[in-house]
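# What the coordinates show
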Amino acid sequence: MRSGNIRIFAAHLEGSVCYDEPDYRAGTAFLIGNEGNGLTEETASLADMNIRIPMKGQVESLNAAMAAGLLMYEADRQRRRG
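The shown structure was predicted, so the numbers you read here are calculated from the model rather than taken from an experiment. (Residues numbered from 1 in each chain as written. Predicted model: local features only at pLDDT ≥ 70, side-chain atom pairs only at ≥ 80, totals over all residues. Heavy atoms only, no water.)

## Remarks on the pattern of salt bridges
In plain terms, the rule: Whenever Lys or Arg places a side-chain nitrogen within 4 Å of a carboxyl oxygen from Asp or Glu, that contact is recorded as a salt bridge. Burial status follows relative accessibility: with a 1.4 Å probe on protein chains alone, a residue under 20% of its type maximum counts as buried, one over 50% as exposed, and anything between as partly exposed.
In this structure the tally under the stated criterion is 4 salt bridges. A salt bridge links R25 to D23, with the nearest nitrogen and oxygen atoms 2.7 Å apart. Looking at R25, the relative accessible area reads 44%, which means it is partly exposed.

Right, here's the structure in full:
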């Protein structure tokens, strides 16, 4: 991916940047962990940036498919706006 200029983003509870802040208009890949354990630190360290999806209340994490859907929708939204 790096040789193809694809930026890698890891969805991570410790992400320092909210998911809607980075620019996803160029080549983008998302790393998503499972609901129970999330990404391993080893896998998360492969990312260019750790991002987070803010949650309200007592929610600990999202279903992996839901998280992936939110991130892919945001990438599509940005690309449609140019």
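## Remarks on the side chain of H12
Quick note on the threshold: Secondary structure elements are taken from DSSP: a helix is a run of H or I of four residues or more, a strand is a run of E of two residues or more, and numbering for both begins at the N terminus. What qualifies as a polar contact is a pair of N or O atoms within 3.5 Å, subject to a donor-acceptor requirement within protein and to the restriction that residues adjacent in sequence count only when both atoms come from side chains. Contacts: residue pairs with any heavy atoms within 4.5 Å of one another.
Looking at the element boundaries, H12 is found in the loop between β1 (7-11) and β2 (17-18). Owing to a relative accessible area of 11%, H12 belongs among the buried residues under this scheme. Separated by 3.2 Å, the side chains of H12 and E41 make a polar contact. Once residues within four sequence positions are removed from consideration, H12 is found in contact with E41, A44, N50, I51 and R52.

## Description of the pairing of strand β4 (residues 49-52)
We count it as follows: One requirement defines pairing of two strands: DSSP has to find at least two bridges between them.
Here β1 pairs with β4 via 3 bridges, running parallel. Note that in β4 the partner of A11 across the bridge is I51. Bridge count for β2 against β4 is 2 bridges, and the pairing is parallel. In the strand pairing of β4, V17 is matched with I51.

## Here's the deal with the sheet that holds β4
An order of β2-β4-β1-β3 is seen for the 4 strands of this open sheet, with the pairing classed as parallel. Strands at the two margins of the open sheet, each flanked by one partner only, are β2 and β3 (28-31).

## Quick word on helix α2 (residues 64-81)
The line we're drawing: Here the expected length of a helix is defined as 1.5 Å per residue gap, with one fewer gap than residues. By definition, the arc is the one covered by directions from the helix axis to the C-beta atoms.
Counted at 1.5 Å a residue, the expected span for α2 with its 18 residues is 26 Å, and the 26 Å between its end C-alpha atoms agrees. When we look at burial in α2, the residues that qualify are A64, A67, A68, L71, E74, A75 and Q78. The arc that holds the buried residues of α2, viewed along the axis, is 125°, so those residues lie on one side. Those residues of α2 that are exposed and angled more than 90 degrees off the buried face are A65, Y73, R80 and R81. Buried-residue contacts for α2 involve β1, β3 and β4. At the N-terminal end of α2, a side-chain oxygen is found 2.7 Å from the backbone nitrogen of A65, two or three residues along, and the residue is N63. Immediately downstream of α2, the backbone of G82 shows phi near 80°, a positive value.

## Some thoughts on the environment of P22
Turning to its location among the elements, P22 is positioned in the loop between β2 and β3. Its relative accessible area of 8% is what places P22 among the buried residues. Along the chain, P22 and L46 lie 24 residues apart, while their C-alpha atoms are 17 Å from each other. Apart from the residues lying within four places of it in its own chain, the contact partners of P22 are F9, V17, M49, I51 and Q78.

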